[in-house]
There are 2 protein chains.
Amino acid sequence: MQHPGMSDSITREEGVKHIAAIIKDIKFALLTTTNAEGHLHARPMTTQQTEFDGDLWFIGSKDSGTAADIRKNAQVNASYADTGKNTYLSLAGKAELVEDRAKLEELWSDAYKAYFEGGIDDPNVQLIKINAEGAEFWESGKTRNLLQMAAAAVTGKTSHDHGTNETVKL
Amino acid sequence: MQHPGMSDSITREEGVKHIAAIIKDIKFALLTTTNAEGHLHARPMTTQQTEFDGDLWFIGSKDSGTAADIRKNAQVNASYADTGKNTYLSLAGKAELVEDRAKLEELWSDAYKAYFEGGIDDPNVQLIKINAEGAEFWESGKTRNLLQMAAAAVTGKTSHDHGTNETVKL
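A brief report on the enclosed structure follows. (Residues numbered from 1 in each chain as written. Chains lettered and ligands numbered in written order. Predicted model: local features only at pLDDT ≥ 70, side-chain atom pairs only at ≥ 80, totals over all residues. Heavy atoms only, no water.)

## Quick look at the side chain of S90(B)
Relative to the helices and strands, S90(B) resides in strand β5 (residues 87–98). Engagement of the side chain of S90(B) in a polar contact is seen with the backbone nitrogen of A42(A), the distance being 3.2 Å. (Helix = DSSP H or I, 4+ residues; strand = E, 2+ residues; numbered from the N terminus. Polar contact = N/O pair within 3.5 Å; in protein donor to acceptor, adjacent residues only side chain to side chain.)

Here's what the structure looks like:
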């Protein structure tokens, strides 16, 4: 339930900044995809090394269930739990399997060598990009919408209509 | 990736016991549902007070997004993260909105009063039951299937065919 003292009227830019601050200290996201049979699967994925700017990036495997699921259904959820602080972030968006050597080099760290024998040149390395469309954050039992799903598609309003009852709730 | 030293050949009963032991110490699950527009939404939900026996139970609100989503699409994912231990559990299953006063009394605790003005008699209280169909557990970078999706539907094999390459991976 929405805490009365909190306002949803933040810009996308402010929301993105909040999200960047939250996820940078959380080592793994839970990335949930829908498989061909319609089942929902969550898998821990290493949080990107670079600052979040509205797109989430993960390094996965081309032969993983996650990649197979995304090829069939791009809608995904990335969630971040900090069980010590008891905070939770849910981020909904559209995933893309991307080939981008420059981006891969930016995101790569030696930790991925544990997963890829051939290192950064391993042919199984797959960049996953998620365009964040909506995000909700829970802290001390309060919910806050950090990114609002663009309301345009549903109500004919633009995504600037934050904080009204007509915006699309996550 | 599957750790070579770990076997998938555990019975459903053993898997259920493992899951019960994992989730009892994790206060909140992240429950992911699919909404009418196909977006995936995760929301923290209080872990049940009783021991897991193959069905997960949550107490939610009839007017919540979670309940609305389940009415349209029963496939859900419940994930449990322990960021201190760095362990993750993903559980896929089918959700049902259930009216069962005896079960509600068994699961209810005073903590829910923060969410429901009318307490256990609040007309907005909604029991959610999730039949666990598959579960995967990550610990120290190793993956373990604790419950196998019944393979019958896909390969013609029964769910007793654990541990082969033909079983359905989560």
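## Re the interface of chain B and chain A
Taken together, the contact between chain B and chain A spans 34 residues of the former and 34 residues of the latter. Counting every contact that joins chain B to chain A gives zero salt bridges. Taken together, the connections running from chain B to chain A amount to five residue pairs in polar contact (both at pLDDT 80 or more). Elements with a minimum of two residues in the side of chain B that touches chain A: β1 (28–34), β2 (40–46), β4 (75–82), β5 and β6 (125–139) of chain B. With six residues, β4(B) is the largest single contributor of residues to the side of chain B that touches chain A. Classifying every residue of the side of chain B that touches chain A by side-chain character gives 15 nonpolar, 14 polar and five charged. (Contact = heavy atoms within 4.5 Å. Salt bridge = Lys/Arg side-chain N within 4 Å of Asp/Glu carboxyl O. Nonpolar A, V, L, I, M, F, W, Y, C, P; charged D, E, K, R; others polar.)

## Quick notes on the pattern of salt bridges
Applying the stated criterion to the full structure yields 16 salt bridges over all chains. Residue K24(A) pairs with D25(A) through a salt bridge whose shortest N-O separation is 3.5 Å. Each member of the pair, K24(A) together with D25(A), is exposed. In this structure, the salt-bridge partner of K62(B) is E99(B), at a minimum N-O distance of 3.0 Å. Here the residue K62(B) occupies a position in the loop between β3 (55–61) and α2 (65–72), and E99(B) occupies one in the loop between β5 and α3 (101–107), the gap between them amounting to 37 residues. (Buried < 20%, exposed > 50% of the residue type's maximum accessible area, 1.4 Å probe, protein only.)

## Description of the relation of the copies chain B and chain A
For the match of chain B to chain A, the screw axis carries a shift of 0.0 Å, the RMSD comes to 0.0 Å, and the turn is 180 degrees. Taken together, the rotation and translation relating the two chain copies correspond to the operation of a two-fold axis. In terms of proximity to the rotation axis, the leading residue of chain B is T83(B), whose C-alpha is 2.9 Å off the axis. Most of the interface of chain B is mirrored in chain A, where 97% of its interface residues are also at the interface. (Least-squares fit on C-alpha atoms with pLDDT ≥ 70 in both.)

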